[in-house]
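Structural characterization, general
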Amino acid sequence: QVQLVESGGGLVQPGGSLRLSCAASGLTFSLLTMSWYRQAPGKERELVASITSIPGSTNYADSVKGRFTISRDNAKNTVYLQMNSLKPEDTAAYYCKALYGLSENYWGQGTQVIVSS
């Protein structure tokens with residue numbers, strides 16, 4: 001059974017930082033392309049960042065480039081999203097997604113991030 005469990009969300013002031021974690025189980029983690037998506041109220045879910053399996057190439061949405069960093073620890077079966085210089089428009093539910101092969105997608109339950117003073 002595949003499980004993705006996100007953690008690390010919360011309330012942070014503008015300009016602050018958070019680190020999200022997503023722990024995966026049930027698949028060979030090193031073979032997975034891992035991604036973070038987010039969905040704000042009334043908006044569609046959007047890709048924030050992704051990281052491939054070896055060699056771990058990364059990709060970012062333009063809106064987060066230079067502020068967010070995705071990384072993975074294959075020994076811990078975990079992917080991270082370091083979020084710096086947070087803005088109110090980063091407020092959303094953040095979801096972890098695992099891609100196995102070409103088309104098998106698995107999603108976590110999401111973690112809420114609120115950026116507000």
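Residues numbered from 1 in each chain as written. Predicted model: local features only at pLDDT ≥ 70, side-chain atom pairs only at ≥ 80, totals over all residues. Heavy atoms only, no water.

Position of R67 among the secondary structure elements: in the loop between β6 (58-60) and β7 (68-73). Discounting residues that sit within four places of it in the chain, R67 has contacts with Q82, M83, N84, S85, L86, K87 and D90. (Helix = DSSP H or I, 4+ residues; strand = E, 2+ residues; numbered from the N terminus. Contact = heavy atoms within 4.5 Å.)

Every second residue of β7 is oriented toward a common face, the buried set being F68, I70 and R72 and the non-buried set T69, S71 and D73. Where β7 meets strand β8 (residues 78-83), six bridges bridge the pair, whose relative direction is antiparallel. Opposite F68, over in β8, you have M83 as the bridge partner. (Buried < 20%, exposed > 50% of the residue type's maximum accessible area, 1.4 Å probe, protein only. Pairing = 2+ DSSP bridges.)

The next thing to look at is the nonpolar core. By size, the foremost hydrophobic cluster in this structure holds 28 residues, and its most contacted members are M34, W36, V79, L81, M83 and Y94. Elements with a minimum of two residues in this core: β3 (18-25), β4 (33-39), β5 (46-51), β7, β8, β9 (92-100) and β11 (111-115). (Core = buried A, V, L, I, M, F, W, Y, C linked by side-chain atoms within 4.5 Å.)

What follows covers the pairing of β5. The pairing of β4 with β5 spans five bridges and is antiparallel. Bridging across to β5, S35 finds its partner in S50. Hairpin connection of β4 to β5: six residues between the antiparallel strands, including G42 at a positive phi of 80°. Of the strand pairs in this sheet, β5 and β6 are connected by three bridges, and their pairing is antiparallel. Note that in β6 the partner of I51 across the bridge is T58. As consecutive antiparallel partners, β5 and β6 are separated by six residues, and within that stretch G56 has a phi angle of approximately 75°, a positive value.

Let us now look at the pattern of salt bridges. The tally for this structure, following the rule as stated, stands at four salt bridges. As a salt-bridge pair, D90 and R38 come within 2.9 Å of each other at their nearest N and O atoms. In this pair, D90 sits in the loop between β8 and β9 while R38 sits in strand β4, placing the two residues 52 residues apart along the sequence. In this structure D90 comes out as buried when scored by relative accessible area, which is 1%. On the accessibility criterion, R38 (6% relative accessible area) is buried. In this structure, the salt-bridge partner of D62 is K65, at a minimum N-O distance of 3.1 Å. The exposure classification of D62 matches that of K65, with both residues exposed. (Salt bridge = Lys/Arg side-chain N within 4 Å of Asp/Glu carboxyl O.)

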